[in-house]
Amino acid sequence: MFTNDIEILKNVDMNLPDKIYIFDTTLRDGEQTPGVALTTDEKIQIAQKLNNLGVDKIEVGFPASSHGEIESAKRISEMDLDSTLVGLARSLEKDFDAVLDADLEYVHTFIGTSQLHRDYKLKMDKEKIIETSVSAVEYAKDHGLTVEFSAEDATRTERDFLFEVFTEVVSAGADFIDVPDTVGILTPVLTRELITDIKNNFTAPISVHFHNDFGLATANTLTAIECGANQAHVTINGLGERTGNCSLEELVMTLKSAYGIDLGLDTTRLYSLSNLVGRLTGIKMPVNKPIVGDNAFAHESGIHVHGILNNSSTYEPISPEMVGHSRRIVLGKHTGANAVKSKLKENHIDLNDDQFQKVFDEIKSLGDSGKCVTDDDLIAIAITELSSARETPIVIKGLSISMGANVSPTATVKLEIDGEEKETASTGVGPIDAALNAIRQLVQGTMDIELEEYNLEAITGGTDALAEVFVISSDSHGNTSTGRSTSQDIVMASILAVLDSMNKLLLIQRAK
Ligand code: KIV
Ligand code: ZN
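Residues numbered from 1 in each chain as written. Chains lettered and ligands numbered in written order. Predicted model: local features only at pLDDT ≥ 70, side-chain atom pairs only at ≥ 80, totals over all residues. Heavy atoms only, no water.

## So, the overall build of the protein
Along the protein, the regular secondary structure elements total 17 helices and 16 strands. Its C-alpha radius of gyration of 31 Å places the protein more than 25% over the 24 Å reference for a compact globule of 512 residues. Across its three principal axes, the protein shows a C-alpha extent of roughly 90 × 60 × 45 Å. Out of the 512 residues in the protein, the part that is buried amounts to 51%. Expressed as a percentage of contacts within the protein between residues at least 6 apart in sequence, the contacts between residues at least 24 apart total 64%. When the 44 basic and 79 acidic side-chain charges of the protein are each reduced to a single mean position, those positions are 2 Å apart. (Helix = DSSP H or I, 4+ residues; strand = E, 2+ residues; numbered from the N terminus. Rg over C-alpha atoms; globule rule 2.2 N^0.38 Å. Buried < 20%, exposed > 50% of the residue type's maximum accessible area, 1.4 Å probe, protein only. Contact = heavy atoms within 4.5 Å. Lys, Arg positive; Asp, Glu negative; His and termini not counted. Charge placed at Lys NZ, Arg CZ, Asp CG, Glu CD.)

## As for the side chain of aspartate 178
Tracing the backbone through its elements, the reader meets aspartate 178 in strand 6 (residues 176-181). For aspartate 178, which is buried and forms no salt bridge, the nearest opposite charge comes from arginine 28, at a distance of 7.0 Å. Looking at aspartate 178, its side chain comes within polar contact range of the main-chain nitrogen of valine 208, at 3.4 Å. For aspartate 178, the residues in contact, after removing those within four places along its chain, are His108, Glu148, Phe149, Ser150, Ala151, Phe166, Ser207, Val208, His209 and His233. (Salt bridge = Lys/Arg side-chain N within 4 Å of Asp/Glu carboxyl O. Polar contact = N/O pair within 3.5 Å; in protein donor to acceptor, adjacent residues only side chain to side chain.)

## What to know about a negative patch on the surface
Taken together, the side chains of Glu71, Glu78, Asp101, Asp103 and Glu105 make up a negatively charged region of the molecular surface. Assignment of secondary structure puts glutamate 105 in the loop between helix 4 (93-101) and strand 4 (106-112). (Patch = residues over 30% accessible without salt bridge, like charges linked within 9 Å, V, L, I, M, F, W, Y side chains within 5 Å. Areas by Shrake-Rupley, 256 points an atom, 1.4 Å probe, with all protein chains shown as cover.)

## A word on the nonpolar core
Phe149, Phe166, Val179, Ile195, Ile198, Leu248 and Leu251 are the most contacted members of the largest nonpolar core, which totals 90 residues. Ignoring anything within four residues of it in the chain, the contact list for leucine 248 reads Ile22, Asp24, Leu53, Val55, Val234, Thr235, Ile236 and Leu270. Counting 26 residues, the second-largest nonpolar core is a separate cluster that includes Ile394, Ile396, Val413 and Leu436. (Core = buried A, V, L, I, M, F, W, Y, C linked by side-chain atoms within 4.5 Å.)

## A closer look at empty space enclosed by the protein
All told, the structure shown has one cavity of 30 Å³ or more when counted by the stated rule. By volume, the largest cavity amounts to about 70 Å³. Every residue along the wall of the largest cavity is listed here: Leu436, Ile439, Arg440, Ile449, Glu450, Leu451, Val498 and Met502. The set of elements that each furnish at least two residues to the lining of the largest cavity consists of helix 16 (431-443), strand 14 (450-458) and helix 17 (490-511). Here the element with the most residues in the lining of the largest cavity is helix 16; it accounts for three residues. Across the lining of the largest cavity, the residue classes tally to six nonpolar, no polar and two charged. (1 Å grid on protein atoms, 1.4 Å probe; cavity = no way out; pocket = protein on both sides within 12 Å on 5 of 7 lines; lining within 4 Å. Points joined across faces, edges and corners; volume = space filled by probe spheres on them. Nonpolar A, V, L, I, M, F, W, Y, C, P; charged D, E, K, R; others polar.)

## Quick look at the coordination of the zinc ion (ligand 2)
Note on metal geometry: ideal angles are 109.5 degrees for four donors arranged tetrahedrally and 90 or 180 degrees for six donors arranged octahedrally. Coordination of the zinc ion (ligand 2) by the protein is provided by Asp29 (OD), His209 (NE2) and His211 (NE2), with metal-donor distances spanning 2.0 to 2.1 Å. Along the chain, the residues that donate to the zinc ion (ligand 2) are spaced as D-x179-H-x1-H. Assessed through its relative accessible area of 5%, histidine 209 is described here as buried. (Donors = N, O, S within 2.8 Å, 3.2 Å for Na, K, Ca; no water.)

## Some points on the sheet that holds strand 12 (residues 407-417)
If you trace the three strands from one edge of the open sheet to the other, you get 11-12-13, paired in antiparallel fashion. Of all the strands in the sheet, just strand 11 (394-404) and strand 13 (420-427) have a single pairing partner and so form its edges. Direction aside, neighbouring strands of the sheet carry axes that sit 10° apart on average. In this structure, strand 12 lies alongside strand 13, joined through eight bridges in antiparallel fashion. (Pairing = 2+ DSSP bridges. Axes fitted to C-alpha atoms, helices over the stretch in contact; angles between N-to-C directions.)

## Observations concerning the packing of aromatic side chains
Scanning the model with the defined rule gives five aromatic pairs in all. Ring centres of phenylalanine 96 and tyrosine 139 lie 6.0 Å apart, and the angle between their planes is 45°; on these two criteria the pair is classed as tilted. On the criterion of sequence distance, the pair formed by phenylalanine 96 in helix 4 and tyrosine 139 in helix 6 (residues 126-142) is long-range, its members being 43 residues apart. Under the relative-accessibility criterion, tyrosine 139 is labelled buried at 16%. (Phe/Tyr/Trp six-rings, centres within 6.5 Å; stacked < 30°, edge-to-face > 60°.)

## Some words on the environment of lysine 371
Here lysine 371 is to be found in the loop between helix 14 (353-368) and helix 15 (375-387). Owing to a relative accessible area of 26%, lysine 371 belongs among the partly exposed residues under this scheme. Along the sequence, lysine 371 and leucine 331 sit 40 residues apart, while their C-alpha atoms lie 9.8 Å from each other. Residue contacts for lysine 371: discarding those within four places in its chain leaves Leu366 and Phe470.

Take a look at the structure:
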């Protein structure tokens, strides 16, 4: 818990419930994310991980919607998980039968209650809505199900009618009443008013199901809990219809760190679960997604990195370990000397002041030219600096290109590799390709190289323009390095840039 909050919270009027239930609907509302469809095996994998995380309830699907949904729910029921498994059902007998067929004991049933849903979707008047809801709850209870009743579009339903519906379904035996903000129109202050009113009028446990159309689902869910809501519907990565639902990881970590409320979940599993869900649904999180995004614990600016290196709490509200994530120091145009020094130390590279300054300047200039500097780039730059007094392993000793109409260009290249001269000729689609093919043949046995990126830029104008070539190469050991060269001859600039990156790769391989 953040230290200042302990004192502040003592003065805030809150009505926190004794127990907060986490109802995860990644496999139901989350699967309704446009473009997402999970197989039974994928649902099983996610259900197992949600169970290991420790959520109270897992909504496994909508059994009446397909045979596959019944099959997935059945298979998950067979896993004998600790979390309670839930199936969604409209207020229709056949939907409850499907939930029962899927071997589930808890149903989440719903019916639209707002005028929009009554008039345009269900074509039912208020009386019919009440009658249908009550018969649905009675049918489910008669069949031994625990019943959670959702008044779909509750937040756009007339308050007196919403209360009438809740009163009737509670009398019919509903175990939980759920308040869906179906199109995410609540704000924290509206949530406070609504949930407080429901809490003052009902003793049944209250659940909330808030959508994120205005980016407020987590804030609204938190407010509902402050006002006494007993249960939150959430999804991993905030998946769900349109812009999604309240994100599990955001809610759980806010409760834990800002309110000191530990729900007993193993939060160190959050990052890997988020990645699993991202991979299986194909919905990758943006880098700036709170808690689980790639940048959640990444730092670049000199001032921040300096603080982080002295005490990570300076620029991190919680530690990455709490959610199974990791800290990342990124090098770029905002990088300060401390970050570079710390990375060099991590990689056991010692530079004197002069060498360090050159490496630092090179990183800044790469950053200024819009390049992202990876750890491998830093190592390559530092090793090149360290080895600049030594001989470079591969040196060009000769080059001739022959080309003409209707013949493939041929390059003859002579290299000195570790002191031994070698020469070969090769053809290619153009002179640069021919020269690079010849180089590849000559270094075979010494190293293998893949050209990942090739950029050619004319620095000056005219036919004698200076050309700058920037390349990124990689080897089969997973190392990458950059290479750069400037010449009036494009072929020569290209060859020297590739050799520059090859030499760095060789030095990295030999230093490791
Ligand atoms: O958003 C919603 O209203 C729902 C219902 C099924 C509860 O998902
Ligand atoms: Zn929903």
